[in-house]
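# A closer look at the structure
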Amino acid sequence: MLTTPGSLRSQLLSTYPHTRPSAPTQIVFLTLTLFASVVILSGCAGVTSAKSNSASVTTNSTNSTSATSNSVPSAPLSASPAALSFGNVSVGSTSNQSLTFTNSGTSLVTISQASASGAGFAIGGVAMPVNLNPGNSATFTASFAPTSAGNASGAASFNGPQMSSTFVVQMTGIGTPVAPSIAVEPVSKSILVGQTATFSVTASGTAPLSYQWYKNGTTIAGATSAGYTTPAETVSDNGAQFSVAVSNSAGNVSSNLAMLSVTTSPMAPSITTQPANQTIFAGQTAKFSVIASGTSPLSYQWRKNGADISGATSASYTTAAETTSDNGALFSVVVTNSAGNITSNSATLTVNPDPVAPSIISQPASQTITAGQTAGFSVTASGTTPLTYQWQKNGVPISGATSPTYTTTAETTSDNGSLFSVAVSNSAGSATSNSAVLTVNPAPVAPSITTQPSSQAITAGQTATFSVTASGTSPLIYQWQKNGTNISGATSSRYITPAETSSDNGAQFTVVVSDSVGSITSNAAILTVNAAIPGALTPSTASLSFGNVIVNNSSAQSVTLTNSGAVNITVSSVTVAGSGFNASGISNGEIITPGQVVTLNVTFAPSATGSITDNVTIASDASNSPTTIGISGVGVLAHTATLSWTASPSTVIGYNVYRGSVSGGPYTLVNSSIVAGTQYVDPSVLAGQTYYYVATAVASGNTESTYSNQVVASVPTP
C-alpha cells in the first residue's frame, strides 16, 4: 500500500525521464512483484519466463532548494585593441599607445582602478573613477619605457563595482639598446716632463658602456674607464695621440684624437675654442664654455662684464636664470697656469622677452581653378620669431611647404574639395589656420582609354567579364559591341556576357567611349570559349548500413550527391545489386546542374534472414564515374517480451517499465506513456540478446516508487 507519513509533499517530474529519477520528496512504501515472459513470433518456438518474490523498498525524502549567486556578471566592456604590442622601443625612451574601453551594455559601468604590471609598463591618461554610460567610451594611455634590452611583458588591469572579475589587457614590448654617442670629446693636454696627464670622455647610450683607450692607435692595457691618467711622461711622449672607443651591445664609436704635449718648461695657456655668443629667453639659463691648451694644471675664472663670478672656475659656466636686464652682458674667462694667463674673447648674452605664441592675422582664402592650373594660398601670422610654417592638404603635411605662402602643383578634378591649412609654430606654441577649400572645375577633355579591355578565356556555359578604364569630361557614355554590333543595354564601363557556347569562340568585343567633346573605340578583346568538361559527382557518404531489419519489414536511408564541377552531369543509369535493396530518386538521363544536390533513396526490405552486402552504382559522364555507394543490412526475425506484475496495493495511476543490458542496471525507460494495467509488451527486443527489467509504480502527481525486483528475459536465436 502507498502510504505517506505526515503531510503529503510531492515532487513534479518534467516529462518521463529516460533514467531512474532521484528519490522523491516523500517516503514511499511500494510492493511490486514483476513477472516476465518472452513470446517468440514468426515461427520461432520456445518461451522463457522469470518470477521473483515480492520486494519492499523505502526511500528517504529530499527537499528541493534553490541557490542564489551573489556574484555580478562581468560588465559588458570591450577593449580596443584587445592586446597591446609596442614592438621595438629604444632603452631610455618611451612609446605610448591608446587603449579605448566601450560600454556596450544598457547600464552604467564604473572603472574605479587601473594599474599596470611588468617592468617599464604604465597605464594612465584618465582620472579615476571614470563612469561609462551605455554606448560611451574612455581612452587610456598605455606606455612602455624599457630600462634594459630584451623582451618584456606586462598587463593593464581594470576593476570596478560592476565587474565580477578584473579586466586584463596583455602588453608586450622589446627593449632595444641605443648605440653609444660621445657628448664631450677628450681634450688635448700639455704637461711637464715627469707629470701625468688625465684624459676623459662623456658618452651616452644603453648601459653598460665599455671603454678602451688608445695611445697612437695602440690599445692601452687596463685603460677601460671613462677617464684615463697616464704614467709620468717623458719628452719622448711629446706629440702622442690619445683616443677612446666606447661600445655596448648596439655598436661602438671612437672619439676624436687628443694631443699630449710634454715639455721641459711650462707652456703658457692658449685658447683654441673661444666662448660663443648665446641667445635665450627670460627665465632661462645660458652656458658658456672654452677649450684651452697649455701646461697643466690650468685654472679658470669666468667674468661677467669684467667682474669675477664667484665659484665659476671650470672650463664651462652655466648662468643663473636670466632676466631682460642681463641682455647684452659680456662673459669672458681667464685661463691661468704656472707660465702665465690668457683672457678669452667676450661672448655676448642676448636675453629676449618671453616668447609670444603665434596667432593668425590673415587666414588662407579658398580658391577656384580649372583642372591643370595651380592654386596659391597664403597666411599672415604674428608671434615671437622665428616662425615656422607647415602647410597641410586634407590634414596631411605637404613636403617642402614651409613658407607663409604655398602654390600647389597643377591640380586635377580628383583634388576638387581638398582642404588646405597651415600650422604656424614657434618656441611658445603653435596655431593652425582655418581650412581653405580648393574647387577644381574640369576642363573639357575628349575621352581617352587608359586601360584597354583584355581578352578572356572561359569554359562553355560560363560568362565572361570585360572592362575598360577611360578618362575625359564627365559624363562618359559607354557602348559595348560584339563583332562590331552594338549590344543592347551594355552601356557601362563593365560588361558581363550571358553564358556562352562554343559557337562564340573567337568573338571580338570592343567599347565606344563618348563625351561632349568626342569619342574613341577601344582595342578588340578576343573571347576564347573552351569545351566544358564535367567535374565530379560527390556522394555525402561512401556507404549505408541498415543494421538489423525485421524480415518482410523495410528500412529507408538516403544519400545526397553533389555536382562539384562547373558544367552539367548527365546520369546514364542507377544500378542496385543485392537482394532486398531498391533505389529511387535519381532517374536515367537525369541532368544535374553545377552545384546541384540530388537525393538517392535506398530501401532495404529483407525477405529472409541473413547479412547482405553490395553496392548502388550511379553511371554518368562525371569525371569520377561510376560513383559507387556500399550498402549492407541484416534480415532478422521479430521478437517481443511480455512482462506482467502484481498490482500495487497503494493507490497508483499506473506503472513504468525500465530495461537494461547489464544485471543491476543502468536501466532505461521503455514505455512512452504510463502503463495503466499490470502487463506490458516490449516489441523492440532482438534475437540472441538478454535483457534485465524492473518496474516502478506511479502515484498521483507523477510520484514514482523505487525499482521492483529485477527479472531476466533471454531472447532465443533465431
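Residues numbered from 1 in each chain as written. Predicted model: local features only at pLDDT ≥ 70, side-chain atom pairs only at ≥ 80, totals over all residues. Heavy atoms only, no water.

### Let's talk about the overall build of the protein
Heads up, the condition is: Runs of E in the DSSP output that reach at least two residues are strands. Runs of H or I that reach at least four are helices, and both are numbered from the N terminus. Under the convention used here, a 1.4 Å probe and the Shrake-Rupley method define accessible areas, while residue burial counts only the protein chains that appear.
The helix and strand inventory of the protein stands at zero helices and 69 strands. Summed over its atoms, the accessible surface of the protein is roughly 35500 Å², and 50% of this surface lies on carbon and sulfur atoms.

### Notes on the side chain of Ser332
Let me state the cut-off plainly: A simple rule labels every residue: compare its accessible area, found with a 1.4 Å probe on the protein chains alone, to the largest value its type can have, and call it buried under 20%, exposed over 50%, or partly exposed in between. Throughout, a residue-residue contact means that at least one pair of heavy atoms, one from each residue, lies within 4.5 Å.
By the secondary structure assignment, Ser332 is in strand S31 (residues 330–337). A residue is classified by how much of its surface remains accessible, and Ser332, at 8% relative accessible area, is buried. In contact with Ser332, not counting residues within four places along its chain, are Gln301, Trp302, Arg303, Thr343, Ser344, Asn345 and Ser346.

### A few points about the sheet that holds strand S58 (residues 581–584)
The cut-off we apply is this: Paired strands, in this sense, are two strands between which DSSP finds at least two bridges. Where helices are involved, their axes are fitted lines through C-alpha atoms of the stretch in contact, as for all axes, and angles between N-to-C directions lie from 0 to 180°.
Within the open sheet, the four strands sit side by side as S54-S56-S60-S58. Their pairing is antiparallel. Strand pairing shows two members of the sheet lacking a second neighbour, strand S54 (537–539) and S58, which therefore form its edges. Across the sheet, the mean angle from the axis of one strand to that of its neighbour is 25°, orientation sign disregarded. Here strand S56 (residues 555–563) runs beside strand S60 (residues 597–604); their pairing, made up of eight bridges, is antiparallel. Within the sheet, the bridge partner assigned to Leu561 lies in S60 and is Val598.

### Concerning the packing of aromatic side chains
Aromatic ring pairs are reported here in terms of the distance separating the ring centres and the angle at which the planes meet. The condition is simple: The rule is short: rings of Phe, Tyr and Trp, with Trp giving its six-membered ring, pair when the centres are within 6.5 Å, and they are stacked under 30 degrees, edge-to-face over 60, tilted in between.
For the structure on display, the rule yields 26 aromatic pairs. Grouping aromatic residues by their ring pairs yields a cluster made of Phe101, Phe140, Phe158 and Phe167.

### Re the environment of Arg494
Checked against the element boundaries, Arg494 lands in strand S50 (residues 494–496). Arg494 sits 16 residues away from Tyr478 along the chain, and the two C-alpha atoms are 9.0 Å apart. In contact with Arg494, other than residues within four places in its own chain, are Thr465, Phe466, Ser467 and Trp480.

### A closer look at the pattern of salt bridges
To keep it simple, the criterion reads: Definition used for salt bridges: Asp or Glu carboxyl oxygen within 4 Å of a side-chain nitrogen of Lys or Arg.
Per the counting criterion, the structure on display carries seven salt bridges. The partner of Lys215 in a salt bridge is Asp237, and the shortest N-O contact between them spans 2.7 Å. Residue Lys215 is found in strand S18 (residues 210–215), and its partner Asp237 is found in the loop between strand S20 (227–229) and strand S21 (240–248); the two are separated by 22 residues along the sequence. In this structure, Lys393 and Glu411 form a salt bridge, with 3.9 Å as the shortest nitrogen-oxygen distance. Residue Lys393 is found in strand S38 (residues 388–393), and its partner Glu411 is found in the loop between strand S40 (405–407) and strand S41 (418–426); the two are separated by 18 residues along the sequence. The class for Glu411 is buried, based on a relative accessible area of 4%. Salt bridges sharing partners connect three or more residues here, namely Lys393, Glu411 and Asp415.

### A look at the confidence of the model for the protein
What counts, and what does not: Every residue is assigned a pLDDT by the predictor, reflecting its confidence on a scale from 0 to 100.
Per-residue pLDDT for the protein has a mean of 86; in total, 89% of the residues score no lower than 70. Taken together, the stretch residues 1–74 has pLDDT below 50 and engages in 172 contacts with residues farther than four places along the chain or on a different chain.

### Re the sheet that holds strand S12 (residues 150–159)
As summarised here, the arrangement of the four strands in space is S5-S13-S12-S8, forming an open sheet in which the pairing is mixed. Each edge of the open sheet carries a strand with a single partner, namely strand S5 (84–90) and strand S8 (113–117). Along the sheet, successive strands turn relative to each other by an average axial angle of 20°, direction set aside. As defined by bridge partners, S8 adjoins S12 across five bridges and the pair is classed as antiparallel. Counted as the bridge partner of Ser117 is Ala155 from S12.

### So, the environment of Thr562
Turning to its location among the elements, Thr562 is positioned in strand S56. Assessed through its relative accessible area of 24%, Thr562 is described here as partly exposed. Here the alpha-carbon distance between Thr562 and Thr593, two residues 31 residues apart in the chain, equals 9.1 Å. If near-sequence neighbours (up to four positions away) are discounted, Thr562 is found in contact with Ala536, Leu537, Thr538, Gly595, Gln596 and Val597.

### Quick look at the pairing of strand S13 (residues 167–176)
Sheet topology note: the S5/S13 ladder contains five bridges and is parallel. Note that in S13 the partner of Ser90 across the bridge is Thr176. The pairing of S12 with S13 spans nine bridges and is classified as antiparallel. The residue bridging Ser157 from the neighbouring strand is Val168, located in S13.

### Thoughts on the environment of Ile398
On the secondary structure map, Ile398 appears in the loop between strand S39 (396–397) and S40. Measuring from C-alpha to C-alpha, the distance between Ile398 and Val422 comes to 9.7 Å, with 24 residues separating the pair along the chain. Ignoring sequence-local partners within four residues, the contact set of Ile398 consists of Gln390, Trp391, Gln392, Lys393, Tyr406 and Phe420.

### Some details on unusual backbone geometry
Here the bond from Met128 into Pro129 is cis, since omega is -5°, no more than 30 degrees from zero. Tracing the backbone shows Pro129 in the loop between strand S9 (121–124) and strand S10 (130–132). Cis geometry marks the peptide bond from Thr385 to Pro386; its omega dihedral reads 0°. Here Pro386 shows up in the loop between strand S37 (380–382) and S38. Even without being glycine, Asn305 reaches a positive phi, approximately 55°. Relative to the elements of secondary structure, Asn305 occurs in the loop between strand S28 (299–304) and strand S29 (307–308). A relative accessible area of 52% means that Asn305 is categorised as exposed. The backbone of Asn394 sits at a positive phi, close to 55°, despite the residue not being glycine.

### Notes on the pairing of strand S32 (residues 340–343)
With four bridges joining them, S31 and S32 adopt antiparallel strand pairing. Residue pairing for S32: Val335 is matched across the bridge by Ile342. The turn linking S31 back onto S32 is made up of two residues.

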